[in-house]
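# Structural features, examined
One letter stands for each residue in the lines below.
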Amino acid sequence: MSAQPEYAGGTAPLPEIRTVDDLRSLLSRYGFPGDRERFEEELAAAVGASPTDDFEGAAAVVRAYRHRVQIRNSPEITAALEDARAGGSGT
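Attention here is on the structure that accompanies the text. Please read all numbers here as calculations on a predicted model, not as lab measurements. (Residues numbered from 1 in each chain as written. Predicted model: local features only at pLDDT ≥ 70, side-chain atom pairs only at ≥ 80, totals over all residues. Heavy atoms only, no water.)

### A few points about the packing of helix H1 (residues 20-30) against helix H2 (residues 35-49)
Operational definition: Only the contacting stretch of a helix is used when fitting its axis, a line to C-alpha atoms as for every element, and angles between N-to-C directions run 0 to 180 degrees. Strands are runs of DSSP state E lasting at least two residues, helices are runs of H or I lasting at least four, and both sets are numbered from the N terminus onward. Contacts are assigned to residue pairs that have any heavy atoms within 4.5 Å of one another. Throughout, the ten residues Ala, Val, Leu, Ile, Met, Phe, Trp, Tyr, Cys and Pro are labelled nonpolar, Asp, Glu, Lys and Arg are labelled charged, and all others, Gly among them, are labelled polar.
As a packed pair, H1 and H2 sit with axes 8 Å apart at the nearest point and diverge in direction by 145°. Together, Val-20, Leu-23, Arg-24, Leu-27 and Ser-28 of H1 and Asp-35, Arg-36, Phe-39, Glu-40 and Leu-43 of H2 make up the contact between the two elements. Along the lines of polarity and charge, the residues of the contact of H1 with H2 split into 5 nonpolar, 1 polar and 4 charged.

Encoded structure:
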């Protein structure tokens, strides 16, 4: 039997997300494929389009991707996705 990977789709505890750099790191490790790249693109676009005194657009991008990481690592969501892939038997 081979060793199990350190992370197996939602079973590892998710580190706290306190900064944008934390989020970047977690997107690279725990996000959906391509999330980190799309995050950087969307964040840059939001910052570029923001007035200098209102970064709500950038904050919305950060919140959305933080939520994606949390969803990706939710045991409940993972179980629901696996159930859906198996044909939705539910048991």
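### Focus on the nonpolar core
As a rule of thumb, nonpolar side chains are buried together in soluble globular proteins. In plain terms, the rule: Residues enter a nonpolar core if they are buried and are Ala, Val, Leu, Ile, Met, Phe, Trp, Tyr or Cys, with the set joined through side-chain atoms within 4.5 Å. Classification of residues uses two cut-offs on accessible area relative to the type maximum, computed with a 1.4 Å probe and protein chains only: under 20% is buried, over 50% is exposed, and between them is partly exposed.
If you look at the biggest cluster of nonpolar residues, it comprises 13 residues, and the most contacted ones within it are Leu-23, Leu-27, Phe-39, Leu-43, Val-61, Tyr-65 and Val-69. Per element, the largest residue contribution to this core is 5 residues, and it comes from helix H3 (residues 56-72). Filtering out sequence-adjacent residues up to four positions away, Leu-23 remains in contact with Ile-17, Phe-39, Val-62, Tyr-65, Arg-66 and Val-69.

### Things to note about the pattern of salt bridges
The criterion, for reference: In what follows, salt bridge is the name for a side-chain nitrogen of Lys or Arg lying within 4 Å of a carboxyl oxygen of Asp or Glu.
This structure, assessed with the given rule, holds 6 salt bridges. Put simply, Arg-36 and Glu-40 hold a salt bridge, and the shortest N to O gap is 3.0 Å. Pair noted here: Arg-36 and Glu-40 are both in helix H2, with a separation of 4 residues, about one helical turn. Judged by relative accessible area, which is 27%, Arg-36 ranks as partly exposed. A residue is classified by how much of its surface remains accessible, and Glu-40, at 27% relative accessible area, is partly exposed. A salt bridge links Arg-63 to Glu-56; the shortest N-O distance between them is 2.5 Å. By relative accessible area, Arg-63 is classed as partly exposed at 38%. The exposure class of Glu-56 is partly exposed, given its relative accessible area of 42%. Taken together, the shared-partner salt bridges connect Asp-21, Arg-24, Arg-36 and Glu-40 into one network.

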